[in-house]
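Inside the fold
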Amino acid sequence: MDRRRPTISDVAEAAGVSVGTVSNYLNGTANLRPATRERIDMAIRKLAYRRSTFARFLSVSDTAQGLADRASLPRLVVVGYVSVDYMCSIGVLPHRDDRITADHIEKALGGPAANVAVAAAAVGMNGQCQLDLELATVLGDDPDSDWAIAELEAKRVRAIPIRQPHNNRLSRCIVMIESNGSRTIINEPFELSEMDLSAHYDLKKVKRTSCLHVEGHHFNQMRGPMSQFRKAGWKVAMHCAGLSSEMRKPEPFLGMIRDLDLVFANDRVVRDVFGIPQPGADLVAAIKDALSSIENHGVFVLTLGAQGAMVFSPDLPDPISVPALAVTSVDTTGAGDSFAGAFLAQWLHGQDLETTVEMAAAAGSLTVTAEGAQGVLSSFEDLRDAISKTDVQKVS
């Protein structure tokens, strides 16, 4: 006899609807036909479906999360990875066949998309630059998935399950952090399809600022939905981490910047695209020259790690260059994700680009001062104070 707990997928199958439709029924985010609601309700009763932490989270109130009326806030939907990270603190990465003892091993919430969402939500912790924020991701029906949802709830991010994994559990990741702050990451496969996103969101013309943010890992699978969202009036942003090799060529890379509203990329990706072996002025010149050939391109953000960041906008004759904060690096995991999240929170509120990138660079800098991609969560006030207290030189 099968004694496993019925899942949201079981309810969807029994009712003859999608998982997204059941999610909408549970959290009340869509108007369903009476007949559809009745089929879902009957399936829930027949299966004795018990709303887990997962289901309870979907209906958590705005007041419980300390947010203003969601309908009045800019909307951000981040698509991609969430995982349980096992962080191993070690002196140096071992050689093959070595056996070492870690200083400690900790469990933490991770995944690039989750990191971006949490960082964006953190900027609005004290009321400034708040967002109506969702993480569209893959979640199972296991204790780790319930734990992840509760962690996200505490950080003011709503988890929206658009797919369940084949093994019905949360993705796992091992992060080995060396004493110099370097990290090696081993994660499980994680795939989303165009259908996952298209089936869940009912796109209508938006009446408020709304943005879809996609990881580079999923760019190829999400081209269709990204175009649909943009036609519906959404801004579309992308982080180039995990971008496929076929997109790391000048023509497709520049086409992506032309077709999207905001693109983040680090210097390693961009040097790979333009065939520049070493960082330096040649990189900036190559970007300026390439972008000058594109009319009406989106905002392009180049992150330079400890050297700060640069923003290229079609509305500005020259790029904006800002420094990183002078900090001691403990763990560089998630610095780029924190940068992107902080940038998005301010950009969607119409903050000027110079302030936006300066604050985002500060967020990325503060992230590396603690273990874990979400070890330091910075509000707007935290970032402003950190910048005012730090004497650093502008990036040349």
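Comments concerning the pattern of salt bridges
- If you walk through the whole model with that rule in mind, you get 12 salt bridges.
- For the salt bridge of Arg75 with Glu134, the shortest nitrogen-to-oxygen distance reads 3.2 Å. Of this pair, Arg75 sits in strand 1 (residues 75-79) while Glu134 sits in strand 4 (residues 132-138), placing them 59 residues apart in sequence. Of the two residues, Arg75 and Glu134, both sit in the buried class.
- Overlapping salt bridges, with partners in common, bring together Arg75, Asp132, Glu134, Arg158 and Arg208 in one network.

Some thoughts on empty space enclosed by the protein
- Using the criterion set out here, one finds 3 cavities of 30 Å³ or more in the structure.
- Approximately 90 Å³ is the volume attributed to the largest cavity.
- Listing elements by their share of the lining of the largest cavity, those giving two or more residues are helix 5 (112-123), helix 12 (335-347) and helix 13 (353-367).
- Among the elements that line the lining of the largest cavity, the one with the most residues is helix 5, at 5 residues.
- Here the residues of the lining of the largest cavity sort into 10 nonpolar, 5 polar and no charged.

Focus: the sheet that holds strand 11 (residues 299-303)
- If you walk across this open sheet you meet the 9 strands as 5-4-1-8-9-10-11-12-13, and the pairing is mixed. Lying at the two open borders of the sheet, with one neighbouring strand each, are strand 5 (158-163) and strand 13 (320-322). Strand after strand, the sheet turns through a mean of 20° between neighbouring axes, direction not considered.
- The pairing of strand 11 with strand 12 (residues 309-312) spans 4 bridges and is antiparallel. In the sheet register, Thr303 faces strand 12, and the bridge partner there is Ala309.

Structural notes on helix 14 (residues 380-388)
- Regarding helix 14, the residues found buried are Phe380, Glu381, Leu383, Ala386 and Ile387.
- Contacts made by the buried residues of helix 14 are with helix 5, helix 12 and helix 13.

A short note on the pairing of strand 12
- Neither face of strand 12 is exposed, since Ala309 and Val311 on one face and Met310 and Phe312 on the opposite face are all buried.
- Counted between consecutive antiparallel strands, the loop separating strand 11 from strand 12 contains 5 residues, among which Gly305 sits at a positive phi close to 60°.
- Here 3 bridges tie strand 12 to strand 13, and the two strands are oriented antiparallel to one another. Paired with Val311 across the two strands is Ile320, which belongs to strand 13.

Some words on helix 9 (residues 250-259)
- Listing the buried residues of helix 9 in full gives Phe253, Leu254, Gly255, Met256 and Ile257.
- Those residues of helix 9 hidden inside the fold are in contact with strand 9 (235-239), strand 10 (262-266), helix 10 (267-274), helix 11 (281-291) and strand 11.

Let's talk about the nonpolar core
- Judged by nonpolar contacts, the single largest core of 55 residues is most densely connected at Leu76, Leu262, Phe339, Phe343 and Leu344.
- Setting aside anything within four residues of it in sequence, one finds Phe343 in contact with Leu262, Phe264, Val301, Val311, Leu353, Thr356, Val357 and Ala360.
- Formed by 47 residues, the second largest nonpolar core is a distinct cluster that contains Met247, Ile257, Val263 and Val269.

Some details on the side chain of Ser210
- Relative to the elements of secondary structure, Ser210 occurs in strand 8 (residues 210-215).
- Overall, Ser210 belongs to the buried group, its relative accessible area being 4%.
- Residues contacting Ser210, with those up to four places away along its chain left out, are Arg75, Trp234 and Lys235.

Observations regarding the side chain of Glu215
- Within the secondary structure layout, Glu215 lies in strand 8.
- Buried charge Glu215 goes without a salt bridge, the closest partner of opposite sign being Arg248 at 12 Å.
- If we ignore the near neighbours within four places in the chain, the residues touching Glu215 are Val79, Gly80, Tyr81, Pro112, Ala113, Met238, His239 and Ala241.

Regarding the layout of surface pockets
- Within this model, the largest pocket holds a volume of roughly 1,400 Å³.
- In terms of lining, the largest pocket is formed by 50 residues, of which the most central are Arg183, Asn266, Thr332, Ala335 and Gly336.
- Secondary structure elements with two or more residues in the lining of the largest pocket: strand 2 (83-89), helix 5, strand 6 (171-177), strand 7 (183-187), strand 10, helix 10, helix 12 and helix 13.
- At 5 residues, the largest contribution of residues to the lining of the largest pocket is made by helix 12.
- Residues of the lining of the largest pocket, tallied by class, amount to 23 nonpolar, 19 polar and 8 charged.

How each quantity is defined
- Residues numbered from 1 in each chain as written.
- Predicted model: local features only at pLDDT ≥ 70, side-chain atom pairs only at ≥ 80, totals over all residues.
- Heavy atoms only, no water.
- Salt bridge = Lys/Arg side-chain N within 4 Å of Asp/Glu carboxyl O.
- Helix = DSSP H or I, 4+ residues; strand = E, 2+ residues; numbered from the N terminus.
- Buried < 20%, exposed > 50% of the residue type's maximum accessible area, 1.4 Å probe, protein only.
- 1 Å grid on protein atoms, 1.4 Å probe; cavity = no way out; pocket = protein on both sides within 12 Å on 5 of 7 lines; lining within 4 Å.
- Points joined across faces, edges and corners; volume = space filled by probe spheres on them.
- Nonpolar A, V, L, I, M, F, W, Y, C, P; charged D, E, K, R; others polar.
- Pairing = 2+ DSSP bridges.
- Axes fitted to C-alpha atoms, helices over the stretch in contact; angles between N-to-C directions.
- Contact = heavy atoms within 4.5 Å.
- Core = buried A, V, L, I, M, F, W, Y, C linked by side-chain atoms within 4.5 Å.
- Lys, Arg positive; Asp, Glu negative; His and termini not counted.

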